[in-house]
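# Coordinate inspection notes
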Amino acid sequence: MKRQKFDSTAISEKLATVSSWEIDAGETALSKTFKFVDFSEAFGFMARAALVAEKLDHHPEWKNVYRTVEVRLTTHDAGGLTGLDFELAIAMDRIVGSSGH
């Protein structure tokens, strides 16, 4: 079940798939800051990520200032990290990777 909260063991195993992401001390959220060439590229990333998020029915907490996008992923209704958080993190990394970044 994708919305079931992961325990510390499951989180440790999944962290290898998102090694460029940081995890908070309570193991409740993943975070990453993406930097792009300009605002247009940052917004394009957000638009593509939004389509994935909508498909997963799992939406990021994020903030955009000019060319920087700060992302925080957690599953509120599970009270921590679930498979959805890792799936969205991997998808975001792929979006950046496919843009030549």
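That block above? That's the structure.
Residues numbered from 1 in each chain as written. Predicted model: local features only at pLDDT ≥ 70, side-chain atom pairs only at ≥ 80, totals over all residues. Heavy atoms only, no water.

As paired elements, strand β3 (residues 61–65) and strand β4 (residues 68–73) share five bridges and run antiparallel to each other. Following the sheet pairing, N64 is matched in β4 by V69. Counted along the chain from β3 to the antiparallel partner β4, the turn is two residues long, and its residue Y66 has a positive phi close to 50°. (Pairing = 2+ DSSP bridges. Helix = DSSP H or I, 4+ residues; strand = E, 2+ residues; numbered from the N terminus.)

Inspection of every chain in the model, using the stated rule, returns six aromatic pairs. Here the aromatic cluster, defined as three or more aromatic residues joined through ring pairs, consists of W21, F34, F36 and F45. (Phe/Tyr/Trp six-rings, centres within 6.5 Å; stacked < 30°, edge-to-face > 60°.)

Look at helix α2 (residues 39–56): 25 Å from first C-alpha to last across 18 residues, which is about the 26 Å you get at 1.5 Å a residue. Within the span of α2, buried status applies to A42, F45, M46, A49, A53 and L56. All buried residues of α2 fall inside an arc of 100° around its axis, so they share one side. Exposed residues pointing more than 90 degrees away from the buried face of α2 are listed as S40, L51, E54 and K55. Its side-chain oxygen placed 3.3 Å from the backbone nitrogen of S40, D38 serves as the N-cap of α2. One or two residues past the end of α2 sits D57, with phi positive at roughly 55°. (Expected span 1.5 Å × (residues − 1). Buried < 20%, exposed > 50% of the residue type's maximum accessible area, 1.4 Å probe, protein only. Arc of directions from axis to C-beta. Polar contact = N/O pair within 3.5 Å; in protein donor to acceptor, adjacent residues only side chain to side chain.)

With that settled, the discussion passes to the sheet that holds strand β2 (residues 30–35). On the basis of which strands lie adjacent, the open sheet formed by four strands has the order β1-β2-β4-β3 and antiparallel pairing. Each edge of the open sheet is held by one strand with a lone partner, namely β1 (22–23) and β3. With six bridges connecting them, β2 and β4 associate as antiparallel partners. Across the sheet, T33 pairs through a bridge with E70, a residue of β4.

Counting 24 residues, the largest nonpolar core has W21, L30, F34, F45, V69 and M92 as its most contacted members. Mapped onto this core, the elements with two or more residues apiece are β2, α2, β4 and α3 (83–98). Looking at this core, the element that brings in the most residues is α3, giving seven residues. (Core = buried A, V, L, I, M, F, W, Y, C linked by side-chain atoms within 4.5 Å.)

The residue D57 is not glycine, and still its phi comes out positive at about 55°. Overall, D57 belongs to the partly exposed group, its relative accessible area being 48%. A positive phi is found at Y66, a non-glycine position, where the angle reads about 50°. When you line up the elements, Y66 lands in the loop between β3 and β4.

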